[in-house]
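# A structural walkthrough
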Amino acid sequence: MNNGRNKAYSKTAAAICSLRITLTTVGLLMLFMGSAYASATPSKPVVNDERQHLLSHGHRMILIDAGHGGIDGGTSYGNILEKDITLDISRRLFLLLRSDGFDVALNRNGDYAPSDENRWLRSKSRHLRDLAQRKELAETLPATVVVSIHVNWAPSPSKHGPLVLYRQEGRSYILAQTIQQQLNSLYNIQAETRPGKPFYLLNKITATTVIVEAGFVSSPTDREKLCTPKGQQEIAEAIAGGIVAYLMEV
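Calculation criteria
Residues numbered from 1 in each chain as written. Predicted model: local features only at pLDDT ≥ 70, side-chain atom pairs only at ≥ 80, totals over all residues. Heavy atoms only, no water. Buried < 20%, exposed > 50% of the residue type's maximum accessible area, 1.4 Å probe, protein only. Helix = DSSP H or I, 4+ residues; strand = E, 2+ residues; numbered from the N terminus. Pairing = 2+ DSSP bridges. Expected span 1.5 Å × (residues − 1). Salt bridge = Lys/Arg side-chain N within 4 Å of Asp/Glu carboxyl O.

### A closer look at the pairing of strand 8 (residues 208-216)
Within strand 8, nine of the nine residues are buried, leaving the element largely enclosed by the surrounding structure. Examined bridge by bridge, strand 6 (residues 163-166) and strand 8 share four bridges and lie antiparallel to one another. Bridge pairing in strand 8 links Val164 to Val212.

### Observations concerning the environment of Ala240
One can find Ala240 in helix 8 (residues 229-249). Using a relative accessible area of 1% as the deciding quantity, one classes Ala240 as buried. With 147 residues separating them along the chain, Ala240 and Leu93 place their C-alpha atoms 6.3 Å apart.

### Description of helix 3 (residues 82-99)
If you check helix 3, its first and last C-alpha atoms are 26 Å apart, about what 18 residues at 1.5 Å a residue would give, namely 26 Å. Here helix 3 lies mainly inside the structure; 14 of its 18 residues are buried. Looking one or two places after helix 3, you find Gly101, whose phi comes out positive at around 95°.

### Some details on the pattern of salt bridges
Under the definition given, this model contains two salt bridges. We note a salt bridge from Lys83 to Asp111, for which the minimum N-O separation is 3.0 Å. Note that Lys83 is positioned in helix 3 and Asp111 in the loop between strand 4 (103-106) and helix 4 (126-140), a separation of 28 residues in sequence. Lys83 gets classed as buried once you look at its relative accessible area, which sits at 10%. The exposure class assigned to Asp111 is partly exposed, which follows from its relative accessible area of 46%. Glu234 is the partner of Lys230 in a salt bridge, and the nearest nitrogen-oxygen pair spans 2.6 Å. Pair noted here: Lys230 and Glu234 are both in helix 8, with a separation of four residues, about one helical turn.

By themselves, these observations are geometric and do not establish any function.
Spelled out as C-alpha coordinates, the structure:
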(Lines give C-alpha, C1' and ligand atoms only; values in the text may rest on other atoms or scores of the structure.)
Protein backbone atom coordinates (compact mmCIF):
# COMPACT_ATOMS: atom_id res chain seq x y z
CA MET A 1 0.00 0.00 0.00
CA ASN A 2 1.55 3.34 -1.04
CA ASN A 3 1.77 6.50 1.10
CA GLY A 4 -1.26 8.08 -0.57
CA ARG A 5 -3.40 5.05 0.24
CA ASN A 6 -1.98 4.91 3.77
CA LYS A 7 -3.01 8.52 4.38
CA ALA A 8 -6.48 7.94 2.93
CA TYR A 9 -6.92 4.82 5.04
CA SER A 10 -5.84 6.70 8.18
CA LYS A 11 -8.30 9.51 7.53
CA THR A 12 -11.13 7.04 6.96
CA ALA A 13 -10.29 5.10 10.12
CA ALA A 14 -10.15 8.32 12.14
CA ALA A 15 -13.54 9.40 10.81
CA ILE A 16 -15.12 6.04 11.69
CA CYS A 17 -13.58 6.15 15.15
CA SER A 18 -14.91 9.69 15.71
CA LEU A 19 -18.40 8.65 14.63
CA ARG A 20 -18.32 5.62 16.93
CA ILE A 21 -17.32 7.84 19.85
CA THR A 22 -20.17 10.20 19.03
CA LEU A 23 -22.69 7.35 18.86
CA THR A 24 -21.42 5.89 22.15
CA THR A 25 -21.73 9.31 23.79
CA VAL A 26 -25.25 9.71 22.47
CA GLY A 27 -26.18 6.29 23.83
CA LEU A 28 -24.83 7.05 27.30
CA LEU A 29 -26.52 10.43 27.37
CA MET A 30 -29.82 8.85 26.37
CA LEU A 31 -29.61 6.35 29.25
CA PHE A 32 -28.85 9.14 31.72
CA MET A 33 -31.51 11.41 30.32
CA GLY A 34 -34.10 8.64 30.35
CA SER A 35 -33.69 7.87 34.06
CA ALA A 36 -33.49 11.52 35.12
CA TYR A 37 -36.25 12.84 32.91
CA ALA A 38 -38.63 9.96 33.60
CA SER A 39 -38.90 10.92 37.26
CA ALA A 40 -40.29 14.32 36.28
CA THR A 41 -42.41 13.31 33.30
CA PRO A 42 -45.34 10.87 33.47
CA SER A 43 -45.53 8.39 30.65
CA LYS A 44 -47.83 5.55 29.78
CA PRO A 45 -47.12 2.36 27.82
CA VAL A 46 -47.88 2.65 24.13
CA VAL A 47 -49.14 -0.91 23.75
CA ASN A 48 -50.38 -3.59 26.10
CA ASP A 49 -48.58 -6.81 26.98
CA GLU A 50 -50.72 -8.98 24.68
CA ARG A 51 -49.51 -7.14 21.57
CA GLN A 52 -45.85 -6.75 22.48
CA HIS A 53 -44.79 -10.08 21.01
CA LEU A 54 -46.16 -9.02 17.61
CA LEU A 55 -43.82 -6.04 17.39
CA SER A 56 -40.47 -7.88 17.41
CA HIS A 57 -38.84 -5.13 19.48
CA GLY A 58 -35.37 -6.62 19.16
CA HIS A 59 -35.41 -6.12 15.40
CA ARG A 60 -36.62 -2.52 15.36
CA MET A 61 -34.50 0.56 16.01
CA ILE A 62 -36.43 3.82 16.11
CA LEU A 63 -34.46 7.06 15.71
CA ILE A 64 -36.15 10.22 16.94
CA ASP A 65 -34.69 13.25 15.20
CA ALA A 66 -35.26 16.40 17.26
CA GLY A 67 -35.24 19.13 14.63
CA HIS A 68 -32.79 22.07 14.70
CA GLY A 69 -30.74 22.90 17.81
CA GLY A 70 -27.86 25.13 18.86
CA ILE A 71 -27.29 28.05 16.52
CA ASP A 72 -30.18 26.79 14.40
CA GLY A 73 -33.31 27.84 16.27
CA GLY A 74 -35.72 26.91 13.50
CA THR A 75 -38.93 28.90 13.18
CA SER A 76 -40.14 31.10 16.02
CA TYR A 77 -42.92 33.16 17.53
CA GLY A 78 -41.63 35.92 19.80
CA ASN A 79 -39.18 34.22 22.14
CA ILE A 80 -40.64 30.76 21.43
CA LEU A 81 -38.15 28.73 19.39
CA GLU A 82 -38.85 25.62 17.35
CA LYS A 83 -35.66 23.90 18.58
CA ASP A 84 -36.93 23.94 22.18
CA ILE A 85 -40.37 22.58 21.32
CA THR A 86 -38.97 19.77 19.16
CA LEU A 87 -36.58 18.72 21.93
CA ASP A 88 -39.32 18.63 24.57
CA ILE A 89 -41.66 16.57 22.39
CA SER A 90 -38.82 14.27 21.27
CA ARG A 91 -37.76 13.57 24.86
CA ARG A 92 -41.30 12.60 25.77
CA LEU A 93 -41.64 10.43 22.68
CA PHE A 94 -38.34 8.73 23.53
CA LEU A 95 -39.57 7.87 27.03
CA LEU A 96 -42.92 6.58 25.80
CA LEU A 97 -41.34 4.19 23.32
CA ARG A 98 -38.63 3.11 25.76
CA SER A 99 -41.28 2.37 28.38
CA ASP A 100 -42.81 -0.07 25.92
CA GLY A 101 -39.52 -1.85 25.37
CA PHE A 102 -38.51 -0.49 21.97
CA ASP A 103 -34.91 0.19 21.02
CA VAL A 104 -34.92 3.96 20.63
CA ALA A 105 -32.26 6.59 20.00
CA LEU A 106 -32.59 10.36 20.34
CA ASN A 107 -30.20 12.37 18.19
CA ARG A 108 -29.74 15.18 20.72
CA ASN A 109 -30.63 15.64 24.38
CA GLY A 110 -29.70 19.29 24.71
CA ASP A 111 -29.52 22.59 22.90
CA TYR A 112 -26.82 21.91 20.33
CA ALA A 113 -26.70 21.29 16.61
CA PRO A 114 -25.70 17.84 15.32
CA SER A 115 -23.25 19.66 13.04
CA ASP A 116 -21.18 20.36 16.18
CA GLU A 117 -20.42 16.62 16.35
CA ASN A 118 -19.59 16.21 12.66
CA ARG A 119 -15.94 15.20 12.24
CA TRP A 120 -16.15 13.31 8.97
CA LEU A 121 -17.75 15.64 6.40
CA ARG A 122 -15.63 18.51 5.14
CA SER A 123 -18.05 21.22 4.12
CA LYS A 124 -18.22 24.96 4.71
CA SER A 125 -21.99 24.68 5.02
CA ARG A 126 -23.06 24.20 8.62
CA HIS A 127 -26.55 23.31 7.40
CA LEU A 128 -25.20 20.54 5.17
CA ARG A 129 -22.99 19.19 7.97
CA ASP A 130 -26.04 19.16 10.25
CA LEU A 131 -28.20 17.22 7.79
CA ALA A 132 -25.38 14.84 6.88
CA GLN A 133 -24.77 14.05 10.57
CA ARG A 134 -28.44 13.22 11.08
CA LYS A 135 -28.34 10.92 8.05
CA GLU A 136 -25.10 9.25 9.17
CA LEU A 137 -26.53 8.50 12.61
CA ALA A 138 -29.58 6.87 11.02
CA GLU A 139 -27.41 4.72 8.75
CA THR A 140 -24.88 3.73 11.41
CA LEU A 141 -27.33 2.59 14.11
CA PRO A 142 -28.91 1.31 11.74
CA ALA A 143 -32.44 2.68 12.19
CA THR A 144 -35.55 0.90 10.98
CA VAL A 145 -37.74 3.95 11.44
CA VAL A 146 -36.75 7.62 11.56
CA VAL A 147 -39.21 10.24 12.79
CA SER A 148 -38.01 13.83 12.49
CA ILE A 149 -39.89 16.27 14.73
CA HIS A 150 -40.50 19.85 13.60
CA VAL A 151 -42.86 22.79 14.08
CA ASN A 152 -44.59 24.75 11.32
CA TRP A 153 -45.20 28.48 10.76
CA ALA A 154 -47.51 30.47 8.49
CA PRO A 155 -48.15 34.20 7.92
CA SER A 156 -51.79 33.74 8.89
CA PRO A 157 -52.61 32.76 12.51
CA SER A 158 -55.65 30.89 11.22
CA LYS A 159 -53.44 28.24 9.61
CA HIS A 160 -53.19 25.40 12.08
CA GLY A 161 -52.91 21.67 12.61
CA PRO A 162 -50.33 18.90 12.20
CA LEU A 163 -48.76 17.77 8.94
CA VAL A 164 -46.74 14.61 8.24
CA LEU A 165 -44.45 14.54 5.20
CA TYR A 166 -43.36 11.29 3.58
CA ARG A 167 -41.03 9.94 0.92
CA GLN A 168 -42.97 8.65 -2.08
CA GLU A 169 -42.44 5.05 -1.11
CA GLY A 170 -44.87 2.57 0.42
CA ARG A 171 -43.56 2.20 3.96
CA SER A 172 -42.91 5.90 4.44
CA TYR A 173 -46.43 6.64 3.22
CA ILE A 174 -47.99 4.11 5.62
CA LEU A 175 -46.02 5.47 8.58
CA ALA A 176 -47.04 9.03 7.69
CA GLN A 177 -50.69 7.97 7.47
CA THR A 178 -50.75 6.24 10.86
CA ILE A 179 -49.09 9.20 12.62
CA GLN A 180 -51.30 11.72 10.82
CA GLN A 181 -54.43 9.85 11.89
CA GLN A 182 -53.39 9.96 15.54
CA LEU A 183 -52.52 13.66 15.38
CA ASN A 184 -55.73 14.47 13.52
CA SER A 185 -57.69 12.87 16.34
CA LEU A 186 -55.79 14.92 18.91
CA TYR A 187 -56.28 18.20 17.05
CA ASN A 188 -59.83 17.33 15.92
CA ILE A 189 -58.92 18.06 12.31
CA GLN A 190 -58.91 16.21 8.99
CA ALA A 191 -55.49 17.06 7.57
CA GLU A 192 -53.83 15.04 4.82
CA THR A 193 -50.23 13.83 4.61
CA ARG A 194 -48.05 15.23 1.84
CA PRO A 195 -44.98 14.05 -0.07
CA GLY A 196 -41.85 15.93 0.97
CA LYS A 197 -39.85 15.83 -2.25
CA PRO A 198 -37.23 18.53 -1.53
CA PHE A 199 -36.30 17.43 1.98
CA TYR A 200 -32.79 16.02 2.45
CA LEU A 201 -33.65 13.50 5.16
CA LEU A 202 -36.50 12.01 3.15
CA ASN A 203 -34.28 11.70 0.08
CA LYS A 204 -31.07 10.47 1.70
CA ILE A 205 -31.94 8.19 4.63
CA THR A 206 -32.57 4.60 3.55
CA ALA A 207 -34.73 3.72 6.57
CA THR A 208 -38.46 4.39 6.62
CA THR A 209 -38.51 8.12 7.32
CA VAL A 210 -41.15 10.80 7.90
CA ILE A 211 -41.09 14.44 8.97
CA VAL A 212 -43.71 15.42 11.54
CA GLU A 213 -44.74 19.08 11.64
CA ALA A 214 -46.41 18.93 15.04
CA GLY A 215 -48.39 22.14 14.62
CA PHE A 216 -48.13 25.83 13.74
CA VAL A 217 -46.33 27.97 16.30
CA SER A 218 -47.98 30.95 14.57
CA SER A 219 -51.43 29.62 15.55
CA PRO A 220 -52.80 30.49 19.03
CA THR A 221 -54.70 27.20 19.08
CA ASP A 222 -51.65 25.09 18.23
CA ARG A 223 -49.35 27.01 20.60
CA GLU A 224 -51.48 25.90 23.53
CA LYS A 225 -50.44 22.33 22.73
CA LEU A 226 -46.92 22.97 21.47
CA CYS A 227 -45.81 25.07 24.43
CA THR A 228 -47.33 23.33 27.46
CA PRO A 229 -46.19 20.11 29.15
CA LYS A 230 -49.70 18.63 28.86
CA GLY A 231 -49.94 19.43 25.16
CA GLN A 232 -46.44 18.20 24.42
CA GLN A 233 -47.20 14.93 26.19
CA GLU A 234 -50.39 14.50 24.17
CA ILE A 235 -48.51 15.15 20.92
CA ALA A 236 -45.81 12.66 21.89
CA GLU A 237 -48.45 10.04 22.74
CA ALA A 238 -50.17 10.58 19.39
CA ILE A 239 -46.91 10.18 17.46
CA ALA A 240 -45.99 7.10 19.49
CA GLY A 241 -49.40 5.60 18.77
CA GLY A 242 -48.86 6.17 15.06
CA ILE A 243 -45.44 4.53 15.13
CA VAL A 244 -46.80 1.48 16.94
CA ALA A 245 -49.76 1.23 14.54
CA TYR A 246 -47.29 1.25 11.64
CA LEU A 247 -45.13 -1.46 13.19
CA MET A 248 -48.23 -3.58 13.77
CA GLU A 249 -49.03 -3.35 10.05
CA VAL A 250 -45.60 -4.12 8.64
